[in-house]
Amino acid sequence: MARGNQMLNGGQVIVDYLIREKVPYAFGLCGHGNIGLIDALYERSDEIKTISSRHETVSGFMADVYYRVSGQPTATFTSCGPGSVNLPIALANAYLDSVPFLAVTGNIPTTQFGRGAFQELYRQFQADYPSTVRAMCKRVFQPTRGEQMPLMVRQAWKTMVTGRPGPVVLDVPFDIFKEDAATEVPDPREWSANISARCGADPEGVAAAADMLINAQRPAIIVGQGVRYGGAAAELLRLAERLNIPVGASASGLGAIDTHHKLSLGLVSRGGLYQANAAMRESDVLLALGVRFDDRTSSSWIQGYSFTIPPTKLIHVDIDPDEIGRNYPVALGLMADVRTFLRQLLAEIEARRAPQITPARQAWLARIDGWRREWDAATAPGYVDDATPINPQRAAHEIDKALPEEAILVSDIGVHHNWLLQFYTPTRPDSFIGCMGFGPMGFGVAGVLGAKLAAPDRPCVSVCGDGAFFMHANVLGTAVEYGIPAVWVVWNNYSYASIRGLQRGYLDGRVLATDFHHPETGEPYNPDFAALARSCGVEGCRIDRAGDLGDAIQTAIASGKPYLIDANIGADLNPGGAGVWELPKHGVSRPFIGGRYEPGGA
C-alpha cells in the first residue's frame, strides 16, 4: 500500500498496483534494465511472489496459462534489448487468443534516448521497443517521467481486461523505475473494479435470435474460446438442453460443454469429427458464440465441408465487432459478451414458453446420431492397435483414460495436438488448454508451469512434441527450483511430424528438414529426454508400449514431483477428419470420411 506521504518510485507504484489487483505472481527474467523493478518486488515479496524463469518466452506462456486456468491476470518482467525481444512470441499468442497479462518491459534510460546506448533500438526512433510489439498486444504505454506512472499503470490494466481481453505492454525506461512517481497509487476499487465489461445485445436482436432458433428445423451451435474464458459454459448447457440444440466446438472451444454429453458433437474443423462437421454444414440456423471462423475451423472457407453459409443462416455473437461478418455473411450479428447474451436469450425463450422438443428436432438429432455411429466405426481400429512405436490415436486415447476428471491437459502445438483434438474428451471448460491463434511451439511445454501454479491441487500435464520440448527444455530447471510438480508427456516421433505430413501430402513425399537422424547410422535420433530430465533433478522414464502409457502418467501424477515421460509414438499416421485444408498453390486435402455437402443435392 502507499506509505503515507512518502514518495514512491516508478517500480514501487507498479508493484503496489499489482498487489492491489490481487496479482499473486510476477514471471520474468532479470537484466540490467529491470533491476529497479526487481528491487520493488523484493520489498513486497511477502505479498507477491517472483518466479524467475530461464527464458522470457517461458515467462509469457506461464502468465498466459495462469490466466486461462484461474481467470486472474498476472504480470511479466523483462529487461531492455534482447530480454524483451524474447517476449513477443508469447505476447502474440496471448493477443490472438484474447488472454490478458501485463508485460512490464525495461528500456534504456530516458537520458540516453537516441544515443545508441547498449541494447537500444534507435535507428528508426529512439527507445523504439514499442514499435516491435504494436501488432502483438492491445496497446503499449511508455512513461518517460515518474509522475506519469500512476496514470499509465491503471490505464494499462483497464485496457488489458475490458472489451476483448489481451496483453498490454508497459515499457519503462530503467531510470523511471527509480524516479520519484507519487505518494499515492491508484485504487483499483475506484478505477477498474466497478467497470463491467459484460455488454449485452440489443433487445430486438435477442428477440430475433430467439425467433430463428425456436423456428429452426435443423439448428446447431458452434462455440469458441469466448464461451470458455467468458464463463458462459453453464448458460450454454442450459440453452442446448432447453431447445435440444447440438453443440460443436472450434479447437479453442472444446470443453465448453462436456464432450460426453448427448448434445456434444466435438471438434468442427478440417480434422473435425464427422457428426460435428456434418451437423454444421447441414444446419439451417447456426448460432456462433465467440468464434473467429479461421481457416482450420472452416476447412479453408470451402463451402460444404465445415459450413455451408449461406444457405445456413448465421447468428454470430462476439464481444469484438470486427470478428462479426469477417469471413461469413450474417443473418444476424450481435456485439455482446457471450454470457450476457445467453442469459438474455434464455430469458426470452422462457418468456415465450418455447417447446423443448419438436418432431423436426427429433429427426435432426437422429440423423446426427447416424453420423456419430459412422465416425465411431471408422475410428474403432485405432483404439486397440498395439503397435510399437505407439499408434498416435491409441496414445491420445490412453492419455484420455489415464487423466482424472479434474486434470488440466496443456497441449503444445504439433501433430499430437491434432490427435488430441479428436480423441481427448474434456469435461470442463478449463481441462484442455491449447494455443490456436498464433500456435507457437513451446506454449504447452512452459504453460503447464503456469497451470500448476494456478491450480496446485489439480494434476497438470503437458503433452508436447519432441521438437517443441527441446526448444524449451529449460523448464525442467524452473520446475525443480520452484518445486512445481508438472508432468510432461513428450510425444517423441523423431520429427516435425505435422510438417512432414504436409510434405508427404502436398509435395509428393519430398521430405527435407523435418526428420531427425543420426549422422552416422541414419537412424531416427533425439536426445534421451528421460535422461535429460534426470540430469536436471526431474524423474524420467521411457515408454514404448501403448499399454504402459496410462500407468506411467498415473505414476507421474502420484509422485507429486516434476516428472517427464518420453513416449515413443509413430509418425507415419496423420489424423484425418471430415473437413479439408487448402494450402494455396499446393492443393486441397481430402476428407477421411464423408464428402462435400451440396445443399439440395441427393
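For the structure, check the block above.
Participant: Is there a simple way to think about the packing of helix 3 (residues 56-70) against helix 5 (residues 88-96) in this case?
Facilitator: Relative to each other, helix 3 and helix 5 sit at 25 degrees, their axes nearing to 7 Å. With respect to each other, helix 3 and helix 5 are oriented roughly parallel. On helix 5, the residues that touch Thr57, Gly60, Phe61, Asp64 and Arg68 of helix 3 are Ile89, Ala90, Asn93 and Ala94. Here the residues of the contact of helix 3 with helix 5 sort into 4 nonpolar, 3 polar and 2 charged.

Participant: What is the right way to read unusual backbone geometry from this model?
Facilitator: Note: most peptide bonds trans; most residues except glycine with negative phi. In this structure, proline 311 follows proline 310 across a cis peptide bond, with omega equal to 15 degrees. Position of proline 311 among the secondary structure elements: in the loop between strand 12 (285-289) and strand 13 (313-318). In this structure, the amide linkage connecting threonine 388 to the following residue, proline 389, adopts the cis form with an omega of 0 degrees. Its place among the elements puts proline 389 in the loop between helix 14 (359-379) and helix 15 (392-402). The backbone of serine 98 shows a phi angle near 60 degrees, a positive value even though the residue is not glycine. By secondary structure assignment, the location of serine 98 is in the loop between helix 5 and strand 5 (102-107). If you check the backbone angles, glutamine 119 has positive phi at about 70 degrees while not being a glycine. For glutamine 119, the position within the fold is in the loop between strand 5 and helix 6 (129-133). Residue class for glutamine 119 comes out partly exposed when judged on its relative accessible area of 25%.

Participant: Where do I start with the side chain of threonine 340 in this structure?
Facilitator: Residue placement: threonine 340 occurs in helix 13 (residues 338-352). In terms of polar contacts, threonine 340 uses its side chain to reach the side chain of aspartate 337, at 2.7 Å. Ignoring anything within four residues of it in the chain, the contact list for threonine 340 reads Arg198, Cys199 and Gly200.

Participant: Mind showing me how you'd approach the environment of leucine 29 here?
Facilitator: Note on placement: leucine 29 falls in the loop between strand 2 (25-28) and helix 2 (35-43). The exposure class of leucine 29 is buried, given its relative accessible area of 17%. Along the chain, leucine 29 and glycine 83 lie 54 residues apart, while their C-alpha atoms are 7.6 Å from each other. Apart from the residues lying within four places of it in its own chain, the contact partners of leucine 29 are Asn34, Ser52, Ser53, Arg54, His55, Glu56, Ser59, Phe77, Thr78 and Ser79.

Participant: Could you clarify how one ought to interpret helix 17 (residues 443-454) in this entry?
Facilitator: Helical periodicity: at 3.6 residues per turn, an α-helix aligns residues three or four positions apart in one direction. Given a rise of 1.5 Å per residue, 12 residues ought to cover 16 Å, and the 16 Å separating the end C-alpha atoms of helix 17 matches this to within 8%. Helix 17 sits mainly inside the fold: 11 of its 12 residues count as buried. Looking only at helix 17, the buried set comprises Phe443, Gly444, Val445, Ala446, Gly447, Val448, Leu449, Gly450, Ala451, Lys452 and Leu453.

Participant: Can you help me understand the sheet that holds strand 14 (residues 332-335) in this one?
Facilitator: Within a sheet, neighbouring strands are paired by backbone hydrogen bonds and run either parallel or antiparallel to one another. Pairing is parallel across the open sheet formed by 6 strands, whose spatial order is 11-10-9-12-13-14. Either end of the sheet is taken by a strand with one partner, and the two such strands are strand 11 (264-267) and strand 14. Neighbour to neighbour, the strand axes of the sheet diverge by 15 degrees on average, direction disregarded. In terms of strand pairing, strand 13 meets strand 14 through 4 bridges, oriented parallel. By the bridge assignment for strand 14, isoleucine 315 is matched with leucine 332. Against the sheet, helix 12 (residues 274-282) contacts strand 9 (219-223), strand 10 (247-249), strand 11 and strand 12, and its axis sits at roughly 105 degrees relative to strand 11.

Participant: Where do I start with the pattern of salt bridges in this structure?
Facilitator: Close approach of charged atoms allows side chains with opposite charge to pair. Applying the stated criterion across every chain yields a total of 32 salt bridges. For arginine 44, the salt bridge is made with aspartate 16, and the minimal N-O distance between the two is 3.0 Å. Residue arginine 44 is located in the loop between helix 2 and strand 3 (49-52), and its partner aspartate 16 is located in helix 1 (residues 10-20); the two are separated by 28 residues in the primary sequence. Judged by relative accessible area, which is 8%, arginine 44 ranks as buried. The closest approach of N and O atoms between aspartate 430 and arginine 428, which form a salt bridge, is 3.3 Å. Judged by its relative accessible area of 15%, aspartate 430 falls in the buried class.

What counts and what doesn't
- Residues numbered from 1 in each chain as written.
- Predicted model: local features only at pLDDT ≥ 70, side-chain atom pairs only at ≥ 80, totals over all residues.
- Heavy atoms only, no water.
- Axes fitted to C-alpha atoms, helices over the stretch in contact; angles between N-to-C directions.
- Helix = DSSP H or I, 4+ residues; strand = E, 2+ residues; numbered from the N terminus.
- Parallel < 35°, antiparallel > 145°, perpendicular 65-115°, else oblique.
- Contact = heavy atoms within 4.5 Å.
- Nonpolar A, V, L, I, M, F, W, Y, C, P; charged D, E, K, R; others polar.
- Buried < 20%, exposed > 50% of the residue type's maximum accessible area, 1.4 Å probe, protein only.
- Polar contact = N/O pair within 3.5 Å; in protein donor to acceptor, adjacent residues only side chain to side chain.
- Expected span 1.5 Å × (residues − 1).
- Pairing = 2+ DSSP bridges.
- Salt bridge = Lys/Arg side-chain N within 4 Å of Asp/Glu carboxyl O.

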